[in-house]
Amino acid sequence: MSDREFGGNDDLSLPKATVQKIITEILPSSSGQSFARDARDLLIECCVEFITLISSEANDISEKEAKKTIAVEHIEKALTELGFQDYVPDVLAVADEFKDQQKTREKKQNKMETSGMSEEELLRMQEQMFSQAREKYNAVPDEA
């Protein structure tokens, strides 16, 4: 299957630098092995094709279940139905790890929460800054 079957988007790709970094981590420099650029580009095309294939199958599965969101279970079924069942345990482990990271991740506080000021005070301050900016913008320059 090619991406032309899925609507064909020549813009689909993966960042070359990221893929190169992954390759470099897998092939230590001490091995003496190198990875040609055209081989890297082919690997990127294969990865995009794999992602497209799995996504399309997962989409079909979710549509059959009348779901509007593709879930981990749909990816799991897609992998299995396409003969990639050996990947399922690793994929589920990564999904669980990601879920755990999301739970323990600190909630980022926005500037309003950390300012210690009420919303009214912040709005007043904002309006004052806008007013000052307008005055500065509309000011007539001194003629020398």
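In this report, we go over the structure that sits alongside the text. Source: prediction; values computed, not measured. (Residues numbered from 1 in each chain as written. Predicted model: local features only at pLDDT ≥ 70, side-chain atom pairs only at ≥ 80, totals over all residues. Heavy atoms only, no water.)

**Here we look at the overall build of the protein**
Part 1 of the reasoning: The number of helices and strands found in the protein is 6 helices and 0 strands.
Part 2 of the reasoning: Listed by position from the N terminus, the elements making up the protein come as α-α-α-α-α-α.
Part 3 of the reasoning: Out of the 144 residues belonging to the protein, those deemed buried represent 12%.
Part 4 of the reasoning: The contacts of the protein with a sequence gap of at least 6 include a subset with a gap of at least 24, amounting to 41%.
Part 5 of the reasoning: By element, 53% of the accessible surface of the protein is carried by carbon and sulfur atoms, the whole surface being about 12,200 Å². (Helix = DSSP H or I, 4+ residues; strand = E, 2+ residues; numbered from the N terminus. Buried < 20%, exposed > 50% of the residue type's maximum accessible area, 1.4 Å probe, protein only. Contact = heavy atoms within 4.5 Å. Areas by Shrake-Rupley, 256 points an atom, 1.4 Å probe, with all protein chains shown as cover.)

**Description of the packing of helix α3 (residues 72-81) against helix α4 (residues 88-104)**
Part 1 of the reasoning: Interhelical geometry of α3 versus α4 gives an angle of 165° and a closest axis separation of 10 Å. Between α3 and α4, the interaxial angle falls into the category roughly antiparallel. Classified by chirality, the crossing of α4 by α3 is right-handed. Along its contact with α3, which presents Val72, Ile75, Glu76, Leu79 and Thr80, the element α4 presents Val88, Val91, Leu92 and Ala95.
Part 2 of the reasoning: Along the lines of polarity and charge, the residues of the contact of α3 with α4 split into 7 nonpolar, 1 polar and 1 charged. (Axes fitted to C-alpha atoms, helices over the stretch in contact; angles between N-to-C directions. Parallel < 35°, antiparallel > 145°, perpendicular 65-115°, else oblique. Left-handed = near helix turned anticlockwise from the far one by under 90°. Nonpolar A, V, L, I, M, F, W, Y, C, P; charged D, E, K, R; others polar.)

**Quick word on the packing of helix α1 (residues 16-26) against helix α2 (residues 37-64)**
Part 1 of the reasoning: Direction vectors running N to C along α1 and α2 enclose 105°, while the axes themselves pass 10 Å from each other. Judged by the inter-axis angle, α1 sits roughly perpendicular to α2. Residues Lys16, Val19, Gln20 and Ile23 of α1 touch α2, and the partners they reach there are Arg40, Asp41, Leu43 and Ile44.

**Remarks on the pattern of salt bridges**
Part 1 of the reasoning: For the structure on display, the rule yields 4 salt bridges.
Part 2 of the reasoning: A salt bridge links glutamate 127 to arginine 134; the shortest N-O distance between them is 3.0 Å.
Part 3 of the reasoning: Its relative accessible area of 42% is what places glutamate 127 among the partly exposed residues.
Part 4 of the reasoning: The class of arginine 134 is partly exposed, set by a relative accessible area of 44%.
Part 5 of the reasoning: Among the ionic contacts, a cluster of salt bridges with common partners joins Lys16, Arg40 and Asp41. (Salt bridge = Lys/Arg side-chain N within 4 Å of Asp/Glu carboxyl O.)

**Focus on the side chain of arginine 40**
Part 1 of the reasoning: Locating arginine 40 in the fold gives a position in helix α2.
Part 2 of the reasoning: For arginine 40, a relative accessible area of 11% translates into the label buried.
Part 3 of the reasoning: A polar side-chain atom of arginine 40 sits 3.4 Å from a polar atom in the side chain of aspartate 41.
Part 4 of the reasoning: For arginine 40, the residues in contact, after removing those within four places along its chain, are Lys16, Val19, Gln20, Ile23 and Phe35. (Polar contact = N/O pair within 3.5 Å; in protein donor to acceptor, adjacent residues only side chain to side chain.)

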